[in-house]
Amino acid sequence: MKILIVEDEKNLALEMTEFFGKEGYSIENAWKKSSAEEKIAENTYDFILLDLGLPGGDGFELLHQLKKLKGREDAVIILTARGDVEDRIKGLEAGADDYLPKPFSLTELLARMHAIIRRKHNLEMNEVNVHGFVLDIRNHEVSFNRQRLSLTAKEFEIFNYLVLNKNRVISRINLTEHVWGDILEINADSNYVDVHVKNLRKKLSAFAPNEWFETVRSIGYRINVGG
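Residues numbered from 1 in each chain as written. Predicted model: local features only at pLDDT ≥ 70, side-chain atom pairs only at ≥ 80, totals over all residues. Heavy atoms only, no water.

Where an unreviewed UniProt entry is consulted, the protein chain appears under the name Two component transcriptional regulator, winged helix family, with the organism given as Arcticibacter svalbardensis MN12-7.

Below is the structure:
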């Protein structure tokens, strides 16, 4: 999962970066409005954690700009010291998915992110069953018949992203961006992603057939789930 932290309090930003990095997420930081605008123009994110009081402009302005972009599904959580009800309403009406006043608990922030994932993907809980494989979003685990699979962090993120986007073809570039972060760091012509997917498939096949895990030639991958 790819997260953009837009926060000018560097100690807090670094604390969040360390916390979510340990959770296995890909993190980018923007300290001011202009740098956040550049990153949003060039990349898409699973989550944008947005402070309202930014050098060079207001976070509300950035939120309005984001919502004008077509095809964007970035979830936005506003993080701010402003506690006025009017500000909360303004942020939610502008398209934010949630609002968390400072100071806040990082574990509560993570729980709110999980809640947004559930709403976005129509999940009743933090677990998803895919052909007998149970993906635990909160604990970053995959099991089959209650036996845990030994997946690397990247293998889990690949499976997680494909499962949450089930029945959709996900390009190699899109998968790379959301799992590794900066696609420029990986040669798009290499088989770097294919090797990780091959290893993931091998581990899944040790428990059950996975013909539902499809390679779409010259494009990417798709996990097919009925219903």
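### Thoughts on the sheet that holds strand β12 (residues 170-171)
The strands that make up a sheet pair up through hydrogen bonds in the backbone, lying either parallel or antiparallel. With antiparallel pairing, 3 strands are arranged side by side in an open sheet as β12-β14-β13. Looking at which strands have only one partner, the edges of the open sheet turn out to be β12 and β13 (213-216). Across the sheet, helix α8 (residues 192-205) touches β13 and β14 (220-223), and the angle it forms with β13 is around 155°. (Pairing = 2+ DSSP bridges. Helix = DSSP H or I, 4+ residues; strand = E, 2+ residues; numbered from the N terminus. Contact = heavy atoms within 4.5 Å. Axes fitted to C-alpha atoms, helices over the stretch in contact; angles between N-to-C directions.)

### Quick look at empty space enclosed by the protein
Scanning all chains against the criterion turns up 2 cavities of 30 Å³ or more. As for the largest cavity, its lining consists of M1, Y25, I117, I137, H140, F156, E157 and N160. If one sorts the elements of the lining of the largest cavity by residue count, helix α6 (residues 153-164) sits on top with 3 residues. Taken as a whole, the second largest cavity spans an internal volume of roughly 30 Å³. Taken together, I40, I48, L50, L62, L63 and L66 make up the lining of the second largest cavity. Contributing elements (two or more residues each) for the lining of the second largest cavity: β3 (47-50) and α3 (59-67). Per element, the largest residue contribution to the lining of the second largest cavity is 3 residues, and it comes from α3. Per-class residue counts for the lining of the second largest cavity are 6 nonpolar, no polar and no charged. (1 Å grid on protein atoms, 1.4 Å probe; cavity = no way out; pocket = protein on both sides within 12 Å on 5 of 7 lines; lining within 4 Å. Points joined across faces, edges and corners; volume = space filled by probe spheres on them. Nonpolar A, V, L, I, M, F, W, Y, C, P; charged D, E, K, R; others polar.)

### Description of the domain arrangement of the protein chain
Taken as a whole, the protein chain is organised into domain 1 (2-121) and domain 2 (127-223). Look at where the C-alpha atoms of domain 1 and domain 2 centre, and you get two points 26 Å apart. Every contact between the two is made by 15 residues of domain 1 and, on the other side, 12 residues of domain 2. The largest contributions to the domain 1 side of the interface with domain 2 come from K2, H114 and H121, which together make up 35% of the buried area. Taken together, the links from domain 1 to domain 2 amount to 1 salt bridge. Note that E177 and K2 form a salt bridge whose closest N and O atoms lie 3.3 Å from each other. For the pair domain 1 and domain 2, the number of links is 7 residue pairs in polar contact (both at pLDDT 80 or more). The set of elements that each furnish at least two residues to the side of domain 1 that touches domain 2 consists of β2 (26-30) and α5 (106-120). (Domains from an automatic or database assignment. Buried area = accessible area lost by both parts, 1.4 Å probe. Salt bridge = Lys/Arg side-chain N within 4 Å of Asp/Glu carboxyl O. Polar contact = N/O pair within 3.5 Å; in protein donor to acceptor, adjacent residues only side chain to side chain.)

### Here's the deal with the nonpolar core
One finds M16, F20, L49, L109 and F159 to be the most contacted residues of the largest nonpolar core, which totals 54 residues. Among the elements that make up this core, the one with the highest residue count is α6 (7 residues). Apart from residues lying up to four places away in sequence, L109 is in contact with M16, F20, L49, I77, L79, L100 and F104. One finds V6, Y45, L62 and I78 within the second-largest nonpolar core, a separate group that totals 19 residues. (Core = buried A, V, L, I, M, F, W, Y, C linked by side-chain atoms within 4.5 Å. Buried < 20%, exposed > 50% of the residue type's maximum accessible area, 1.4 Å probe, protein only.)

### Quick look at the sheet that holds strand β7 (residues 98-101)
In space, the 5 strands of this open sheet follow the order β2-β1-β3-β6-β7, with parallel pairing throughout. With partners counted over all chains shown, the strands left at the sheet margins are β2 and β7, one partner each. The mean inter-strand angle of the sheet, taken between neighbouring strand axes irrespective of direction, is 20°. Where strand β1 (residues 2-6) meets β2, 5 bridges bridge the pair, whose relative direction is parallel. Counterpart to I5 in the pairing with β2 is N29. Against the sheet, helix α2 (residues 33-42) makes contact with β1, β2 and β3, and its axis sits at roughly 140° relative to β2, the strand it touches most.

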